[in-house]
Amino acid sequence: RALLMPAPGGRTRPRAPGAAFSADLRLVALGDSTLRLARLDGALVAVDQAAYGVGAVAFSPDGQHLAAGGHGNVLRVYRVPATR
């Protein structure tokens, strides 16, 4: 079920959190009001309470960095921690 939020001009548009898988499919990044990096078994690797809100996330092709785009035109780039 998509969440709805008012858009400029009073229209309604769907709102969904950002999500991305690493190229090796070992990690998933999820973003909404909090950026979460987790292994696919569900174990959290890292969390950032992103006050700017996360609308989109993407891993670099080598999987060493994660970009998170937020509301208010904020873009942060994180180094992905090594995981087992």
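In case you missed it, the structure is sitting above this.
The model shown is predicted, which means the values in this text are computed figures rather than measured ones.

Draft legend 1. Structural context of the sheet that holds strand S7 (residues 54-59). As summarised here, the arrangement of the three strands in space is S7-S8-S9, forming an open sheet in which the pairing is antiparallel. The outermost strands of the open sheet, each flanked by one partner alone, are S7 and strand S9 (74-79). Neighbour-to-neighbour, the strand axes of this sheet turn through a mean angle of 20 degrees, independent of strand direction. Bridge count for strand S8 (residues 65-70) against S9 is six bridges, and the pairing is antiparallel. Within S9, the position partnered with leucine 66 by the bridge is tyrosine 78.

Draft legend 2. The arrangement of the sheet that holds strand S3 (residues 18-21) in detail. Sheet architecture is open: four strands sit in the order S3-S4-S5-S6, paired in antiparallel fashion. Pairing within the sheet leaves two strands with one partner each, and these edge strands are S3 and strand S6 (44-48). Across the sheet, the axes of successive neighbouring strands diverge by a mean angle of 10 degrees, strand direction being ignored. Bridge analysis of strand S5 (residues 35-39) against S6 gives four bridges, and the strand direction is antiparallel. Pairing of arginine 36 across the sheet is with valine 47, part of S6.

Calculation criteria
Residues numbered from 1 in each chain as written. Predicted model: local features only at pLDDT ≥ 70, side-chain atom pairs only at ≥ 80, totals over all residues. Heavy atoms only, no water. Pairing = 2+ DSSP bridges. Helix = DSSP H or I, 4+ residues; strand = E, 2+ residues; numbered from the N terminus. Axes fitted to C-alpha atoms, helices over the stretch in contact; angles between N-to-C directions.

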